[in-house]
Amino acid sequence: MLAFAFVLWVMSETTIDDARPNLLPPDVHERRMRLAIRAARRSVDLGGAAIGAVIVDPAGVPVACGYSLVAPTCDPTAHAEVMAIRRASARLRRFHLPDLVLYSTLEPCSMCLGACAWAALGGVVFAADGKCTPIEYYDQHSYRACARAKCSRRDGRGDPLFVLDGVLRDTAAALLSG
C-alpha cells in the first residue's frame, strides 16, 4: 500500500510538460544544451572530438554526461552519447530510460541513435547536424539517421523516439569546426 501511495505521489508531482520534451519552451532546451556544450569542451581538452552529451531527468537535472573519448582511448564505440547512456544506466541501475532525454552537440550517428532506441530514451535533442562535421574524421552519411528517427520505434515501446534538432546549432557548429 505504501509503494502504491508513493507512485501516486510521484505521478502527481510530474507535469505533462516535464514528461513530454516536445512541450518544453525553447529556452529550457537551450539551458540543457549548454551542459552538453560544456562536456564537448572537456572532450577537446582531453584530445577528443568536440562532441558532448548530457542526459537529464524530467525536471532538467543532469543524470549523466558523456564526451567523445574515441581518440583518447582508441575505442571506436566511445562516442559521447554512448558514454552518457552507459553512465546514466549504471547510476540508475537500469537500461531502459524512458523518462530521460539526451542532449547532444552533434546529431547522433546511426550507432548512437541505435543506443538511444535500445535505451528507450524519452527523446533526443541535438544542436548541429552532420553537415557541420569536419570531413576529415566523420562519415557524414551516417548522420542522416535522425531524419528517419521520427518514425522509428523505441525498444519495447510502441511510440516513436522524440527528436528535436537545431538547438544552439551555431554555437555547436563553431565548436566542431574549431
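Look up: the structure comes first, before these words.
Remember, it's a predicted structure, so these values are computed and weren't measured experimentally. (Residues numbered from 1 in each chain as written. Predicted model: local features only at pLDDT ≥ 70, side-chain atom pairs only at ≥ 80, totals over all residues. Heavy atoms only, no water.)

Engineer: Sorry if this is basic, but what is going on with the nonpolar core here?
Structural biologist: If you look at soluble globular proteins, the nonpolar side chains tend to sit buried side by side. If you look at the biggest cluster of nonpolar residues, it comprises 42 residues, and the most contacted ones within it are Met33, Tyr103 and Leu121. With five residues, strand β4 (residues 123-128) is the largest single contributor of residues to this core. Leaving out residues up to four positions away in the same chain, tyrosine 103 has contacts with His29, Arg32, Met33, Ala36, Gly52, Ala53, Val54, Val56 and Val125. Membership of the second largest hydrophobic core comes to five residues, among which are Ala39, Tyr67, Ala78 and Met83. (Core = buried A, V, L, I, M, F, W, Y, C linked by side-chain atoms within 4.5 Å. Buried < 20%, exposed > 50% of the residue type's maximum accessible area, 1.4 Å probe, protein only. Helix = DSSP H or I, 4+ residues; strand = E, 2+ residues; numbered from the N terminus. Contact = heavy atoms within 4.5 Å.)

Engineer: So what exactly am I meant to see when it comes to the sheet that holds strand β2 (residues 62-67) here?
Structural biologist: Two strands in a sheet stick together by hydrogen bonds in their backbones, pointing the same way (parallel) or opposite ways (antiparallel). Taken in spatial order, the five strands line up as β2-β1-β3-β4-β5 in an open sheet, and their pairing is mixed. This sheet does not close on itself; its edge strands, each paired only once, are β2 and β5 (162-165). Taken pair by pair, the neighbouring strands of this sheet meet at an average axis angle of 15°, ignoring direction. Where β4 lies against β5, four bridges are found, and the strand directions are parallel. Residue pairing across strands places valine 125 opposite leucine 164, the latter belonging to β5. Packed onto the sheet, helix α3 (residues 26-45) meets β1 (52-56), β2, β3 (101-106), β4 and β5 and runs at close to 55° relative to β3. (Pairing = 2+ DSSP bridges. Axes fitted to C-alpha atoms, helices over the stretch in contact; angles between N-to-C directions.)

Engineer: Would you explain the packing of aromatic side chains in this entry?
Structural biologist: Given two aromatic rings, one states the distance between the centres and the angle between the planes to describe the pair. Scanning the entire structure with this criterion turns up zero aromatic pairs. The lysine or arginine in question, arginine 87, covers the ring of tyrosine 67, its NZ or CZ lying 5.5 Å from the ring centre. (Phe/Tyr/Trp six-rings, centres within 6.5 Å; stacked < 30°, edge-to-face > 60°. Lys NZ or Arg CZ within 6 Å of the ring centre and 35° of its normal.)

Engineer: When you look at the pairing of β4 in this model, what are you seeing that I'm missing?
Structural biologist: Moving residue by residue along a regular strand, the side chains alternate between the two faces of the sheet. Of all the six residues making up β4, six are buried; the element is thus mostly covered by neighbouring parts of the structure. Here five bridges tie β3 to β4, and the two strands are oriented parallel to one another. Within the sheet, the bridge partner assigned to leucine 102 lies in β4 and is valine 124. Handedness of the crossover joining β3 and β4 through helix α6 (residues 110-118) is recorded here as right-handed. (Right-handed = clockwise from strand over helix to strand, strands pointing away.)

Engineer: Explain unusual backbone geometry here, please?
Structural biologist: Negative phi characterises most residues that are not glycine, and trans characterises most peptide bonds. The phi angle at cysteine 74 is positive, at roughly 55°, despite the residue not being glycine. Phi angles above zero are rare outside glycine, and alanine 120 is one such case at about 55°. The exposure class of alanine 120 is buried, given its relative accessible area of 1%.

Engineer: Just to check I follow, could you spell out the side chain of aspartate 129 for this structure?
Structural biologist: In this structure, aspartate 129 sits in the loop between β4 and α7 (145-149). Setting aside its immediate chain neighbours within four residues, aspartate 129 contacts Leu106, Glu107 and Arg169.

Engineer: Looking at this structure, how should I read α3?
Structural biologist: What sets the pattern is the α-helix's 3.6 residues per turn: residues three or four places apart point alike. Between its first and last C-alpha, α3 extends 29 Å over 20 residues, near the 28 Å set by a 1.5 Å rise per residue. Of all the residues in α3, the buried ones are Val28, His29, Arg32, Met33, Ala36, Ile37, Ala39, Ala40 and Ser43. Those residues of α3 that are buried lie in contact with β1, β2, β3, β4, β5 and α8 (169-177). Positive phi shows up at glycine 47, right after α3, with a value of about 95°. (Expected span 1.5 Å × (residues − 1).)

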